[in-house]
Amino acid sequence: MSTASTAPILTETHRPPVPDPGADTAPGGIVVHSCERVGPVTLLVRLTGEIDHYSAAPLRAILVSAAADGCTDLILDASRVTFCDSGLLGVLDQWSRLGRRYRIDAPPPVVLRLLRAAAGTLAPRLPGGRAGGRR
C-alpha cells in the first residue's frame, strides 16, 4: 500500500518564548564581581552576593583556568558576600588540593561563621588572611 501526501505528520504549534535562565539556575546573585592578576602567581577575586554549590560554578571555572595559567596564590575579597555555604569550602578545597594557597580578605560575619564551623578542616593560611590553603 502506498500513499503520497505532503501533509506533515506533526503539526507545528506556536509556543510562547521561554526566558533563558542561563547556565546557572541558582536563585543567588553574581558571585564573581571582578578578577585580576596582581602578581606573577597571585590572582585577586572580588566576590559578591550569595555563594552556594550552584552559584560558585563561575568561580570554580576561573580558578581552574588560573591554576592552568600558573597561579598558585589566591586572594578572595569577600567583603560583599551576603550568604555562603559549603559550596565556598568546596571551591577553596579544590584550589588548595595541589599545594596552592589562598587568603580571604574582609570576610563579613556570614563568611566568618562558615570558616569557624570548618576550622578543623582548613589548612594553614597565607599571611594576613582569615583562612588558607595547604602549603
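Please refer to the structure higher up on the page.
Keep in mind that what you see is a predicted model, and the values were worked out from it rather than measured.

Caption draft 1: Looking closely at the pattern of salt bridges. Within this structure, the stated rule accounts for 5 salt bridges. A salt bridge links Asp-105 to Arg-103; the shortest N-O distance between them is 2.9 Å.

Caption draft 2: Inspection of the sheet that holds strand S2 (residues 42-51) at higher detail. Taken in spatial order, the 4 strands make up an open sheet running S1-S2-S3-S4, and their pairing is mixed. Two strands in the sheet have a free side with no partner beyond their single neighbour: strand S1 (32-37) and strand S4 (101-105). Averaged over all neighbouring strand pairs, the angle between strand axes comes to 20°, with direction disregarded. Against the sheet, helix H3 (residues 109-117) contacts strand S3 (73-84) and S4, and its axis sits at roughly 115° relative to S3.

Caption draft 3: Fine view of the pairing of S4. Only one face of S4 is buried: it carries Tyr-102 and Ile-104, and the other face, with Arg-101, Arg-103 and Asp-105, is open. For S3 and S4, the ladder comprises 5 bridges, and the chain directions are parallel. The partner of Leu-74 across the bridge, within S4, is Tyr-102. Each parallel crossover has a hand, and the one from S3 via helix H2 (residues 86-96) to S4 is right-handed.

Caption draft 4: Representation of unusual backbone geometry within the structure. One non-glycine residue, Ala-106, adopts positive backbone phi at about 50°. Residue placement: Ala-106 occurs in the loop between S4 and H3. On the basis of relative accessible area, Ala-106 is assigned to the partly exposed category, the value being 45%.

Caption draft 5: How the structure looks around the nonpolar core. Counting residues in hydrophobic clusters, the biggest one holds 27 residues, and the most contacted among them are Val-45, Leu-47, Ile-51, Leu-59, Leu-74, Leu-76 and Ile-104. Those elements that provide at least two residues to this core are S2, helix H1 (57-68), S3, H2, S4 and H3.

Caption draft 6: Fine view of the pairing of S2. Among the 10 residues in S2, 8 count as buried, and that is most of the element. Pairing of S1 with S2, which is carried by 5 bridges, proceeds in the antiparallel orientation. Residue Val-32 lies in a different strand from S2, and its bridge partner there is Leu-47. What sits between S1 and S2 in their antiparallel hairpin is a turn of 4 residues. Pairing geometry for S2 and S3, over 9 bridges, is parallel. Residue pairing in the sheet places Ile-51 in a bridge with Cys-84 of S3. With H1 bridging S2 and its parallel neighbour S3, the resulting β-α-β unit is right-handed.

Cut-off values and rules
- Residues numbered from 1 in each chain as written.
- Predicted model: local features only at pLDDT ≥ 70, side-chain atom pairs only at ≥ 80, totals over all residues.
- Heavy atoms only, no water.
- Salt bridge = Lys/Arg side-chain N within 4 Å of Asp/Glu carboxyl O.
- Pairing = 2+ DSSP bridges.
- Helix = DSSP H or I, 4+ residues; strand = E, 2+ residues; numbered from the N terminus.
- Axes fitted to C-alpha atoms, helices over the stretch in contact; angles between N-to-C directions.
- Contact = heavy atoms within 4.5 Å.
- Buried < 20%, exposed > 50% of the residue type's maximum accessible area, 1.4 Å probe, protein only.
- Right-handed = clockwise from strand over helix to strand, strands pointing away.
- Core = buried A, V, L, I, M, F, W, Y, C linked by side-chain atoms within 4.5 Å.

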